[in-house]
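# Structure assessment
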Amino acid sequence: NSSELSPSSFILASIPGLEAAHFWMSILLCSIYILEVTGNCAVMFIVKMEPSLHAPMYFFLCMLAAIDLALSTSTVPRILSFYWFNTREISFGACLVQMFLIHTLSAIESTVLLAMAVDRYVAICHPLRHAAILTNSMTAKIGLVAMPRGVLFFLPLPLLLLPLPFCSSRMLSHSFCLHQDVMKLACANTTPSVVYGLTAILLVMGLDAILICLSYILILKAVLCLALWKERVRVFSTCVAHICVVLAFYVPLIGLSVVHRFVKDLAPLVHIITGNVYILVPAVLNPIIYGVRTRQIQRKIL
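Below is a summary of the structure that appears in this document. Just so we're clear, the structure is a prediction, and the values are computed from it rather than from any experiment.

Here we take up the state of the cysteines. Enumeration according to the criterion identifies 1 disulfide in this entry. The thiol sulfur of C125 is not disulfide-bonded, and the nearest other cysteine sulfur, from C239, lies at 8.8 Å.

Enumeration over the complete set of coordinates arrives at 5 salt bridges. A salt bridge links R170 to E89; its shortest N-O distance comes to 3.8 Å. Remark: E89 occurs in strand β3 (residues 89-91) and R170 occurs in the loop between β4 (166-167) and α8 (179-183); sequence separation between them is 81 residues. Note on R170: relative accessible area 22%, which makes it partly exposed. On the basis of relative accessibility, which here comes to 47%, the residue E89 falls in the partly exposed class. Put simply, R149 and D208 hold a salt bridge, and the shortest N to O gap is 3.0 Å. Of this pair, R149 sits in helix α6 (residues 136-154) while D208 sits in helix α9 (residues 191-224); the two residues are 59 residues apart in sequence, bridging distant segments of the chain.

It is worth spelling out empty space enclosed by the protein at this point. Following the criterion strictly, the structure yields 1 cavity of 30 Å³ or more and no others. Taken as a whole, the largest cavity holds about 80 Å³ of empty space. For the largest cavity, the full set of lining residues is I102, H103, S106, L178, Q180, I201, M205, L253, L256, S257 and Y278. At the level of secondary structure, the elements contributing two or more residues to the lining of the largest cavity comprise α4 (92-125), α9 and α11 (240-261).

In this section: helix α1 (residues 22-49). Here α1 is 28 residues long and its end C-alpha atoms lie 40 Å apart, about the 40 Å a rise of 1.5 Å per residue gives. Looking only at α1, the buried set comprises H22, M25, S26, L29, C30, Y33, E36, G39, N40, V43, I46 and V47. On its buried face, α1 is in contact with α2 (56-73), α3 (76-85), α12 (268-293) and α13 (295-301).

This next bit is on the packing of α9 against α11. Orientation of α9 relative to α11, taken along the N-to-C sense of each, is 150°, at an axis distance of 12 Å. Overall, the two elements α9 and α11 adopt an arrangement that is roughly antiparallel. As for how α9 packs across α11, the hand of that crossing is left-handed. In contact with V194, G197, L198, I201, M205, D208, A209, I212 and Y216 of α9, α11 contributes H242, I243, V246, Y250, L253 and R261. Looking at side-chain class alone, the contact of α9 with α11 contains 11 nonpolar, 2 polar and 2 charged residues.

Conventions we followed
Every chain is numbered on its own, with residues counted from 1 as its sequence reads. Only residues with pLDDT of at least 70 get local features here, since the model is predicted, and only at 80 or more are side-chain atom pairs given and counted; chain-wide, interface and lining totals rely on the full set of residues. Computation of side-chain values: all heavy atoms of the structure, hydrogens and water removed. What counts as a disulfide here is a pair of cysteine sulfur atoms lying within 2.5 Å. By definition here, a salt bridge exists when the distance from a side-chain nitrogen of Lys or Arg to a carboxyl oxygen of Asp or Glu is within 4 Å. Secondary structure counts use DSSP, requiring at least four H or I residues in a row for a helix and at least two E residues in a row for a strand, with both numbered from the N terminus. Burial status follows relative accessibility: with a 1.4 Å probe on protein chains alone, a residue under 20% of its type maximum counts as buried, one over 50% as exposed, and anything between as partly exposed. Put simply, the grid is 1 Å and covers the protein atoms alone, a cavity is a trapped set of points that fit a 1.4 Å probe, a pocket is an open set with protein on both sides within 12 Å along at least five of seven lines, and lining residues have an atom within 4 Å of a point. Grid points are joined across faces, edges and corners, and a volume is the space filled by probe spheres set on the points. Expected span of a helix, by definition, is 1.5 Å for each gap between consecutive residues, and there is one gap fewer than residues. When checking whether two residues touch, look at their non-hydrogen atoms; a contact exists if any pair is within 4.5 Å. All axes here are fitted lines through C-alpha atoms, helices being fitted over the stretch that makes contact, and every angle between N-to-C directions spans 0 to 180 degrees. Roughly parallel means an angle under 35 degrees; roughly antiparallel means over 145; roughly perpendicular covers 65 to 115; every other angle is labelled oblique. Helix crossings get a hand from a simple test, with the near helix turned counterclockwise from the far one by less than a right angle marking a left-handed crossing and a clockwise turn marking a right-handed one. Amino acids are sorted into nonpolar (Ala, Val, Leu, Ile, Met, Phe, Trp, Tyr, Cys and Pro), charged (Asp, Glu, Lys and Arg) and polar (every other residue, Gly among them).

Below, the structure written as structure tokens:
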């Protein structure tokens, strides 16, 4: 009696005790969203207009900017409508679509970050072969492969939740829909969903993280073989921006996974903060990091 085959909607979480401050929070969130959209659009426009940036690393950066725009646009407008109009309910279908977009776009972004790490490895360890290996057509193929990889691995997540009965509680832990969050509201055995979700994350984000670490181990080995200390610093400094972007993506992802899978009975505020950091921080930081580290982008912005 306490369950139904498919709920008509879920209820998004709000920050406890700050319901009266939703208007001011929405201004902050809207400002961050505008900054993120402006920064990522500026990066894509500058790379398009600046011939010296027509290189694999910056094409990958444009892909990263487009993914960040899609990821934040799939969540932030819905959160803003929640803050502005107090529309806390999200339909079951819309929740599954949002969940699919969040996880799929995150997987695509992870693949692009791996491709950028490979680009840095080839540029530093095999500089004479860089232009021959990472051509523009190869860069485009990598981008095309990243999309079906994310879709194929994470499309089953919402499909596994469709037949499950859900309990009377429809309250989510975040202001948007995540697989782990929706799954815990089901009143049936969720073992297949849990196993597949963990397997997909390990095979995509986990494998990508391992390969990125391996590429930087090889890069460090090549850098340490250089005779001059200044030359070591100069060569490795070309990787600093990418390392910062990787940390900005994987640290919130790991934090969110730990909160849901390994830590119980946390305050609702922790869930909301970790979720918002995961959605907003990488998208805002990526154009800032590359804007600071790339002189051509700085000049074009000025």
